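Listed here are the chains, written in short residue letters.
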Amino acid sequence: MHATVELFIRWIHLLAAMIWLSGIFFSLFIVSPILRRELFLVQSYQHMAAIRDRLRIIIHITIHVLLITGAMNVVTVGLNTNMQFSRGYVILLVAKLGFVGLMTVFHSLHISVLGCKLAVETAELGLTDTILQPLITKRERQTQLFAILTILSGLIVFALALSMKNA
């Protein structure tokens, strides 16, 4: 395959990964604290949920782009090596795919805890800020944990990807 096409595919793959991780980072460390500081608790949750819903669409698209370009990268490496993968490369690839799977699971939990559970609980209860405070605080901690685990898994994926270059 032509070197420019290979580079373009890798660039798209890396860009999609950065969008996924930065979207989670943005919602966790920038938007959420600002909303909690500036608005009442239920209002901040409602705005955060709307922002995460919009980000979720973008992140779902990037995940699909990552799957397609990742498969294309493996095929490209295979074509360049006549499908002779070194043992080290295969081990790193399997480890990377494992952490991508973990990243996807943590991200799904991150979205479901905030998006589904808290939305249902607050809609059913219809209570005031003072009654919802413990519930929202608990769900927000869970959301933060899953977001941090997603980011950490993503950083491990990046490290493994850099290691694969030398394998």
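Residues numbered from 1 in each chain as written. Predicted model: local features only at pLDDT ≥ 70, side-chain atom pairs only at ≥ 80, totals over all residues. Heavy atoms only, no water.

Draft legend 1. Quick peek at a nonpolar patch on the surface. Taken together, F25, F26, F29, I30, I34, I148, L152 and L155 make up a surface patch of nonpolar side chains, about 700 Å² in accessible area. Where the nonpolar patch is concerned, the elements lending two or more residues are α1 (3-38) and α4 (129-166). No other element matches the five residues that α1 contributes to the nonpolar patch. Mapping L155 onto the fold places it in helix α4. (Patch = residues over 30% accessible without salt bridge, like charges linked within 9 Å, V, L, I, M, F, W, Y side chains within 5 Å. Areas by Shrake-Rupley, 256 points an atom, 1.4 Å probe, with all protein chains shown as cover. Salt bridge = Lys/Arg side-chain N within 4 Å of Asp/Glu carboxyl O. Helix = DSSP H or I, 4+ residues; strand = E, 2+ residues; numbered from the N terminus.)

Draft legend 2. Spatial organisation of α1. If you check α1, its first and last C-alpha atoms are 50 Å apart, about what 36 residues at 1.5 Å a residue would give, namely 52 Å. Where α1 bends most, the angle comes to about 35°, and this point is V31, followed within four residues by the proline P33. (Expected span 1.5 Å × (residues − 1). Bend = angle between axes of the 7 residues up to and from the residue.)

Draft legend 3. Geometry of the nonpolar core. Ranked by size, the top nonpolar core spans 13 residues in total, and within it W20, I24, I59, L66 and I151 carry the most contacts. Listed by contribution, the elements that provide at least two residues to this core are α1, α2 (41-80) and α4. In terms of residue count, α1 provides more of this core than any other element does, six residues in total. Sequence-distant contacts of I24, that is, excluding residues within four places in its chain, are made with I59, H107, A147, T150 and I151. (Core = buried A, V, L, I, M, F, W, Y, C linked by side-chain atoms within 4.5 Å. Buried < 20%, exposed > 50% of the residue type's maximum accessible area, 1.4 Å probe, protein only. Contact = heavy atoms within 4.5 Å.)

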